[in-house]
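In case you want the letters, here they are:
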Amino acid sequence: MLLDVKGLRVAYRTVYGDLEAVRSLDFAVEKGESVAIVGESGCGKSSLGHAIVRLLPPNATYEGEVLVDGKDVFSLKGRRLREYRGSDAFMIFQDPLNSLNPVKRVDRQMLEAIRTQKIMRDEPYDEEEATKVVVEGLKGVRMPDPEVILRRYPHELSGGQIQRVVIAMALVMKPKILIADEPTSALDVTIQAQVMKLIKELKAEYGMSVLFITHDMAVAYTVADRFLVMYAGELSELGPVDKVVTRPLHPYTTALVNSIPHKSKREGDLVAIPGSPPNMLAPPSGCRFHPRCPKVMDICNTVNPGVKQVEDRLLRCHLYD
Amino acid sequence: MLFVARRAVNAFITILIMIALMFAIIHLVAPTPEDLARLYVGTHFTVPELVQIAHRMGFYQPIYVQFFNYVNGFFHGNLGTDTQYGIPEILVIEEYFPVTLNMVILGTILGVVIGIFTGAIAASNRNTGTDYGIKAIYLGTWAAPVFLVGVFLQLILAYELNLLPTGQVANPTLAIPAAVTGLPLVDAILAHDWVYLYSYLRHLVLPAITIAVISFGGITRLTRATMVDALDKDYVKLAYMKGLPKRQVVWGTAFRNAIIPIITLMALAFAFTVGGAVVVEDIFSYHGIGFFFVNAAYNLDYPAILAITVIIGLAVIIANFIADILYGVMDPRVRLT
Amino acid sequence: MESKDTNKAGRFRLFKGKSHTTSVSVHNEAEVPLGESSGLRFIAGFIRRDKIALTGAIGIGIFFVYGLIQGIIEMAADYTHNLALSYVLLPSNPFQFNFARSLGAPTLANFPVGIFGYDETGRSILSRILYAIPKDALASVLIVVSAIVIGMFLGISAGYLGGWADEILMRVTDAFLAFPLIVFAIALSLTLGNGYVVVLVALTIIWWPTYARFFRAQALTLKSRGYVEAARLSGLSPFSIIVRHIFPNAIDPIVAIATLDFGNVILTYSTLAFLGIGVQVGQPELGSMAASGLQYVPRVWWYALFPSIVIMAIVVCYSLLGDRIQDMVGGRLSY
């Protein structure tokens, strides 16, 4: 098991009280496996990703345990933490316009990554050799004319190109797990498909584990082995992609699947989930999904269901008690 | 470069509008040629004398001719004649402005440096004691009236501790070095007059610190804000992901981006400190343009007031222009446009 | 393409309803819907919960309520030519000479008249400060509000019309902003004639360009937004668009800017008074009291110090409140 999350809780202190973004979350990712975390915005999926690489803002507190390749992530400090980032886990972010430092050329930014890693491993750093690695990395992400791209500033690249540069950086760093936080949501649909294909190929080629954070089940479906559906900071359903999509068990998953537009059929409205995501400062009592749930029962108002194993899935729902 | 040319044209148009503004104010306040003459030469003249003066100064000509003459005069350094000393204003400005410029530039640099570093430190330690401490200090100095800061520093450093002189540009018993550049600091160095230089620097410290104290708060605040924004950006997170140490991420990646907007603020800070210099020079009897300006205000010496206002406006526009160019140098995205 | 809006709303519109509710951004994407609409009510709610902002707000509240009451009394006294009426609320007559206690040090005797000491003619510094406060309160409100109104009108028109109108406004504001506040204020006040009202007018003339630029920027960004475009295409008049779309979006940032600016006005106003601009002889004025006190420094420190500290205290209240509101509006308040 490469990534093991146990009893994770992430909370933010706000003027309005504590905001629990992630609550008692347990799951694991195997080596070479990819898991997609899906849910509406504000469900805590981004906080989860940031917690794993320890990039939460200063007002955040976290409890529980995150193990990556046996390392207890929350206890890492200083140099150990820096070694962990990049070598064990690498995260790419959603906004291509802000992913690269606007005032430095692309080559500086990629070489910086290699140099830092070399210095930490006490290996000699050779600029020419590193440049070759970087060019190889860019070729690895199917970037035409890598030498030209390297001499450019980020604002001279397109969103898709930037996202590929960032993925190339991940390639060069060779992390054990890649966390991709909505890497395609700001891209056009065609570019989106290319980037997804790329991530999928890289996963197969390098045996990298991928944690794919998205609100878009259709996109996630193409890369993921398993879905982790989150609602209001909690796990709703965790299971293999095919089974989750064809036979969702949790009412929230059902609603998410129904809201995917079918490109083949043009008829009919999109099915929206009624209501809106809960106010996380004052989450609903009982099951957090009950105010929007079509199959709500009396018990849902008062008791928050625990996570239980149903077939090969994990579920948090009273329907399967 | 097209970018520089466009900024230069903008700056030039702004200067023209500024002159027009001054011209409009003068003519609104003094609608008749006699009023104008009185404004320019003072109140101790009879009406026939004023008519004569107005004729001599061309105040009976059509308004557009007068405007042309005014603009023309401005660019030829003709800013009117001082009613107190009876010499052309341009000579007064040449004499006093460099002294102020010297002090203000030093004070602004000091303020900007303090502001940028405290702001960046506050942002990278957000919501900690350091952050709140810096905030308390800058909100305090920001809210303090210039005269309070000046008097307070004068009391402590000059009167109580006797570390520094209480006022004046330099020890008045020393001979002033020959004016080559006009800037006393440079002139003293050129003349190898180390005694004067030492005295000059000692007298410069208090006003410059006062200027720095009143001006750094705004810069701290803005740097903190831009730095907080920058630290939240994905490229900063990516820099952390590369394994870079915090120090390098904060100062190498975030800081470099955060100070770009500050460059624009530097020009504003310059304008602000020039304004502050008026009061500071009054408190420290520092004989620069501000001291002269306040003096002119007490004596209702309008030509001096208007000439100095225009010249200071000109200095600020030039400072803005320089800041724009610097901005282009720092930010690759601006160069193209 | 809809791709630009995908981040927030979700590509498949997972939930219905307008996204017009304000939220606190705690962590780039995890926004917390608070269920309150944006604008003044939201800001008021925020102030109630934030200790620092609340401290500033209470200070400002006291300053204004007192300023209003005392101001009305002073106006009534002026109108009825009954000087005694003007200081009914004050501990003592602020105009009463008493050379026996000239430059007297702060004392608890005759409390509270002497706690800030006495000036060169033996007048109570406390009473004179309290008498002067309404002028500062009035100046700050009048100048900022008129600057906002003028700036809003010119800025939105220029931003909305674009082209030459816009270019002219930008260059004119550039020219205005080139003059340092104090220098321009002195030049303008003296040219227009000296006095309290003249200073108010002069400061208003100086103050509007910042707001004009702000509203222009607002109008420009909003003009390109989809819903404003849609409103325009559906035949809504420019006036309705401004009232319905541009104005509500400007409220939050304008409150933040204005709060800080009230303090700036008071600082500038008192600095002018310090230099003797706009001051009537004998009338108490915080800045001019500090200036008179300066002559007796360092032996008599209280005369210059207390009026300055009162100015500073007022401005600190504005800064505390404005700073917090600005952080909140700018989304930089991470807690």
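Higher on the page you've got the structure.
Residues numbered from 1 in each chain as written. Chains lettered and ligands numbered in written order. Predicted model: local features only at pLDDT ≥ 70, side-chain atom pairs only at ≥ 80, totals over all residues. Heavy atoms only, no water.

Draft legend 1. Representation of the overall build of chain C. Looking only at helices and strands, chain C features 12 helices and 2 strands. Ordered by position in the sequence, the α and β elements of chain C form the string α-β-β-α-α-α-α-α-α-α-α-α-α-α. Taken across its 335 residues, chain C has 55% of its residues classed as buried. A sequence separation of at least 24 residues applies to 65% of the contacts in chain C between residues at least 6 apart. (Helix = DSSP H or I, 4+ residues; strand = E, 2+ residues; numbered from the N terminus. Buried < 20%, exposed > 50% of the residue type's maximum accessible area, 1.4 Å probe, protein only. Contact = heavy atoms within 4.5 Å.)

Draft legend 2. Main features of the environment of Arg-41 of chain C. Mapped onto the fold, Arg-41 of chain C is located in helix H2 (residues 40-49). Between the C-alpha atoms of Arg-41 of chain C and Tyr-196 of chain C, which are 155 residues apart in sequence, the distance is 35 Å.

Draft legend 3. Structural detail: unusual backbone geometry. A cis amide bond, omega -5°, links Phe-111 of chain C with the succeeding residue Pro-112 of chain C. Within the element layout of this structure, Pro-112 of chain C appears in the loop between helix H4 (83-86) and helix H5 (125-161). Not every positive phi belongs to a glycine, and Asp-69 of chain A is a case in point at roughly 55°. Within the element layout of this structure, Asp-69 of chain A appears in the loop between strand S4 (60-68) and strand S5 (71-72). Given a relative accessible area of 39%, Asp-69 of chain A falls into the partly exposed group. One non-glycine residue with positive phi stands out, namely Asn-162 of chain B, at about 60°.

Draft legend 4. Just the nonpolar core, in detail. Counting 305 residues, the largest nonpolar core has Leu-3, Leu-8, Phe-27, Met-110, Leu-211 and Phe-212 of chain A together with Ile-186 of chain C as its most contacted members. Here this core takes 20 residues from helix H11 (residues 246-283) of chain B, the largest share from any one element. In contact with Leu-211 of chain A, other than residues within four places in its own chain, are Leu-3, Phe-27, Val-29, Val-35, Ile-37, Ile-52, Ile-177, Leu-178, Ile-179 and Ala-180 of chain A. By size, the runner-up hydrophobic cluster in this structure holds 7 residues, among which are Tyr-138, Leu-139 and Trp-142 of chain B together with Leu-260 of chain C. (Core = buried A, V, L, I, M, F, W, Y, C linked by side-chain atoms within 4.5 Å.)

Draft legend 5. Representation of the sheet that holds strand S2 (residues 17-29) of chain A. All names here are of chain A. Judged by pairing direction, the sheet is antiparallel, and its 4 strands sit side by side in the order S2-S1-S4-S5 without closing on themselves. Strands at the two margins of the open sheet, each flanked by one partner only, are S2 and S5. As paired elements, strand S1 (residues 3-14) and S4 share 8 bridges and run antiparallel to each other. Along S4, the bridge assignment pairs Asp-4 with Leu-67. With respect to the sheet, helix H1 (residues 45-52) is in contact with S1, S2 and S4, its orientation differing from that of S1 by roughly 110°. (Pairing = 2+ DSSP bridges. Axes fitted to C-alpha atoms, helices over the stretch in contact; angles between N-to-C directions.)

Draft legend 6. Here's a closer look at the interface of chain C and chain B. Taken together, the contacts link 48 residues of chain C with 53 residues of chain B. Both faces combined, the contact of chain C with chain B buries some 4300 Å², and carbon together with sulfur accounts for 74% of it. Inspection of the chain C/chain B interface yields 2 salt bridges. On the surface where chain C and chain B come into contact, there are 7 residue pairs in polar contact (both at pLDDT 80 or more). (Buried area = accessible area lost by both parts, 1.4 Å probe. Salt bridge = Lys/Arg side-chain N within 4 Å of Asp/Glu carboxyl O. Polar contact = N/O pair within 3.5 Å; in protein donor to acceptor, adjacent residues only side chain to side chain.)

Draft legend 7. Spotlight on the pattern of salt bridges. For the structure on display, the rule yields 42 salt bridges over all chains. Arg-9 of chain A is the salt-bridge partner of Glu-63 of chain A, the closest N and O atoms lying 3.5 Å from each other. One end of the pair, Glu-63 of chain A, is in strand S4; the other, Arg-9 of chain A, is in strand S1, and 54 residues separate them in sequence. Its relative accessible area of 45% is what places Glu-63 of chain A among the partly exposed residues. The partner of Arg-171 of chain C in a salt bridge is Glu-167 of chain C, with the nearest N and O atoms 2.8 Å apart. One end of the pair is Arg-171 of chain C and the other is Glu-167 of chain C, both in helix H6 (residues 163-178) and 4 residues apart, which spans about a single turn. The partly exposed category is assigned to Glu-167 of chain C, whose relative accessible area is 36%. Beyond isolated ion pairs, a larger network of salt bridges with shared partners links Arg-9, Glu-20, Arg-23, Glu-63, Glu-234, Arg-288 and Arg-316 of chain A.

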